[in-house]
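Architecture at a glance
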Amino acid sequence: MSKLVLPLKESVGVPVTPIVSVGDHVKRGQLIGKPDGLGANLHASVYGTVTEINDKAIVIEADDEQPADYVKIPDTDSNLEAIREAGVIGAGGAGFPAAAKYSRPIPGGHLFINAAECEPILGHNISRITTDAEQIIRGAEYIKEIVQAKDIHIAVKRYHTNVVALLEELTRTHDDISLELMWNRYPEGEERAVLRDSGLYKKPDGENAVLKTTELPYAANAIVANVETVYRAARAIENREPVMSKDITVAGRLNGDNKMVLVHKDVPVGTLVGDILSEFPDMADYGELIMGGPFTGHSTTLDSPITKVDGGIIATIPFPNLHGEKVGLLACACSATPARMKELAKKMNADVTGVEWCKNAVINPKTGTAKCKNPGICPGQAQTILKLRKEGAKTLLVGNCTDCTNTVMGVAPKLNMPVYHTTDFARRAVDMRIMRNILPENNE
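Residues numbered from 1 in each chain as written. Predicted model: local features only at pLDDT ≥ 70, side-chain atom pairs only at ≥ 80, totals over all residues. Heavy atoms only, no water.

**Here's the deal with the overall build of the chain**
What counts is decided by this rule: Helix and strand definitions follow DSSP, with helices as H or I runs of at least four residues and strands as E runs of at least two, each counted in order from the N terminus. The globule rule used for comparison is 2.2 Å times the number of residues to the exponent 0.38, while the radius of gyration itself is calculated over C-alpha atoms. To sort residues, take the accessible area from a 1.4 Å probe on protein chains only and compare it with the maximum for the residue type: under 20% means buried, over 50% means exposed, and anything in between is partly exposed.
From N to C terminus, the chain includes 11 helices and 22 strands. For 444 residues, the compact-globule estimate of 2.2 N^0.38 gives 22 Å, and the C-alpha radius of gyration of the chain, at 22 Å, lies within 12% of that figure. Projected onto the principal axes, the alpha-carbon positions of the chain cover approximately 65 × 55 × 40 Å. Residues classed as buried in the chain amount to 55% of the 444 residues present.

**What to know about the domain arrangement of the chain**
Test applied: The split into domains, and so the bounds of each, comes from an automatic or database assignment of domains. We call two residues in contact whenever any of their non-hydrogen atoms come within 4.5 Å of each other. Here the buried area means the combined drop in accessible surface, using a 1.4 Å probe, for two parts upon being joined, counting both sides. For the purposes of these results, a polar contact is taken to be a pair of N or O atoms within 3.5 Å, where, inside protein, one atom must be able to donate a hydrogen and its partner to accept one; residues adjacent in sequence count only when each atom of the pair is a side-chain atom. All amino acids are sorted into three groups, where Ala, Val, Leu, Ile, Met, Phe, Trp, Tyr, Cys and Pro are nonpolar, Asp, Glu, Lys and Arg are charged, and the leftover types, Gly among them, are polar.
Parsing the chain into structural domains produces domain 1 (3-62), domain 2 (79-239), domain 3 (245-316) and domain 4 (326-442). Taken over C-alpha atoms, the centre of domain 1 sits 22 Å from the centre of domain 3. Taken together, the contact between domain 1 and domain 3 spans 11 residues of the former and 10 residues of the latter. With both chains or domains summed, domain 1 and domain 3 bury close to 770 Å², and 60% of this area falls on carbon and sulfur atoms. When the area that domain 1 buries against domain 3 is broken down by residue, the three leading residues are Lys-3, Val-5 and Glu-10, summing to 53%. Scanning the region where domain 1 abuts domain 3 turns up 4 residue pairs in polar contact (both at pLDDT 80 or more). Counting residues per element, the side of domain 1 that touches domain 3 draws most heavily on strand β1 (residues 3-7), at 5 residues. Classifying every residue of the side of domain 1 that touches domain 3 by side-chain character gives 7 nonpolar, 2 polar and 2 charged.

**Focus on the sheet that holds strand β7 (residues 57-62)**
Pairing between the strands of a sheet is mediated by backbone hydrogen bonds and can be parallel or antiparallel. Our working rule: In this analysis, strands are considered paired if DSSP registers two or more bridges between them.
Taken together, 4 strands build an open sheet; the order of strands is β1-β7-β6-β3 and the sheet is antiparallel. For this open sheet the edge positions go to β1 and β3 (25-26), each flanked by a neighbour on one side alone. Where β3 lies against strand β6 (residues 48-53), 2 bridges are found, and the strand directions are antiparallel. Looking at the pairing, His-25 lines up with Thr-49 of β6.

**Quick word on the packing of aromatic side chains**
The line we're drawing: Stacked, tilted and edge-to-face are the three classes assigned to paired rings of Phe, Tyr and Trp, where Trp is represented by its six-membered ring and a pair needs centres within 6.5 Å; plane angles under 30 degrees give stacked, over 60 edge-to-face, the rest tilted.
This model, assessed by the stated rule, comprises 2 aromatic pairs. On the numbers, 3.5 Å between centres and 0° between planes, the contact of Tyr-186 with Phe-295 is stacked. Placement of the pair is Tyr-186 in the loop between β10 (177-182) and α5 (191-198) and Phe-295 in the loop between β14 (289-291) and β15 (298-300), with a sequence separation of 109 residues. Under the relative-accessibility criterion, Phe-295 is labelled buried at 1%.

**Considerations on the UniProt feature "domain: NADH-ubiquinone oxidoreductase 51kDa subunit FMN-binding" (unreviewed entry) in the chain**
For clarity, the threshold we go by: UniProt positions are given in the numbering used here, feature names are shortened, and annotations may be inferred rather than shown by experiment.
UniProt feature "domain: NADH-ubiquinone oxidoreductase 51kDa subunit FMN-binding" (unreviewed entry): in the numbering of this structure it lies at residues 83-232. Between the end C-alpha atoms of residues 83-232 there is a gap of 8 Å, over a span that is 37% helix and 15% strand.

**What to know about the pairing of strand β12 (residues 245-255)**
By the criterion of burial, β12 is predominantly enclosed, with 10 of the 11 residues buried. Here 4 bridges tie β12 to strand β16 (residues 312-315), and the two strands are oriented parallel to one another. Looking at β16, one finds that Gly-252 is bridged to Ala-315.

**Comments concerning a nonpolar patch on the surface**
Applicable threshold: Each patch is built from residues that are more than 30% exposed by relative accessible area and take part in no salt bridge. Like charges join if they lie within 9 Å; nonpolar side chains (Val, Leu, Ile, Met, Phe, Trp, Tyr) join within 5 Å. Note on areas: Shrake-Rupley, 1.4 Å probe, and residue coverage restricted to the protein chains presented here. One speaks of a salt bridge when a side-chain nitrogen belonging to Lys or Arg is within 4 Å of a carboxyl oxygen belonging to Asp or Glu.
Among the surface-exposed residues, Val-12, Leu-38 and Phe-96 lie close enough to one another that they form a single nonpolar patch of about 210 Å² accessible area. The topology assignment puts Leu-38 in the loop between β4 (31-35) and β5 (42-43). Leu-38 gets classed as partly exposed once you look at its relative accessible area, which sits at 36%.

**A look at the pairing of β6**
In the sheet, β6 pairs with β7 via 5 bridges, with the strands oriented antiparallel. Considered in β7, the bridge of Thr-49 is made with Glu-61.

**Notes on the UniProt feature "domain: RnfC Barrel sandwich hybrid" (unreviewed entry) in the chain**
Following the UniProt record, the feature "domain: RnfC Barrel sandwich hybrid" (unreviewed entry) maps to residues 3-59 here. Overall, residues 3-59 shows 0% helix and 46% strand. The separation of its end C-alpha atoms is 7 Å.

Structural data, given as structure tokens:
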């Protein structure tokens, strides 16, 4: 670790304005950027010297010696202000400033702590619970008090039996906390799915309801917070610690053909991907590096920095060469965008003949992204597949959720259409079962 690059915009809102200058020596935890509007404070993640400030980032050359202490955030009048001062943002990927989110009370509502770790392969949330569950629970109680919720629901996948047992033991004396056990299928952990499956949000007829694609959890008198966000909030309140680091999962072909999944806790924000991977000198050839998870992550480079929202670095297997095979793309609102799928198709040397969305996708014409009407519940894919076939596709590249992929596999083989999934290359890199048919026990 020599050079760190701290982007000026790491959250929803405006970029920060630097309050340091080139040549300044900074301490770990020192405030180096402040937003003028919605955003989050930025703090130095190491001791070092500011070597460059541009319109995108502050660059710091790290000192050879890195003391363990840090500059604490100032005393505040409230826990909410401590969270604001610390620059806490949604660590699950959304990056919304936590203080702004918690500034809107939900009297008598429900606070959900999302520990479902929606994406496969990623394991840093579960790892953090195993080491810091008590502080996470205290953090949840702090946030509950801030937002005036009446109870706390911790969403976690039931196959994490040791973590479930740990949480059950630690919450035994907390009458306001319950566990929401989820299946190991995608997109379990998407916030609208968490609310729907909790049974706390109902239709007038009493059935479980799902939020509209335009609605936030506030509409169900609820707030959903990622478990690492809750941990960082607790550190801000109890330790006066600003957000200087990020937990990430590092996975894939890291040691020759040995497939590994490792968790790196408290990686300094701004650390370059290449510096993290430099500890694996025997990495095998890979297809691409993914920043994030297999479904919603994006291709990254060795000189890209870790931010407050990044959750994973995955080195995939090399891509197959389809030699110009005509491929139809079936996009899912819970997964890779068509633009990302076209990028993957190009890396596979495929000729894209058509692009179709799952029927449940509600598309935002401005961003090209989409949200699912009912996350994880498939409306059927036969018509969409037939349309792609009519457009000339001989093979399918799909990015669907577990349920929709299962329905794809009920149709495509009958049409003699081979199927690739956008997550195949990451999953194979860690010897994880690829997405095709749902297993009887509802696990992927």
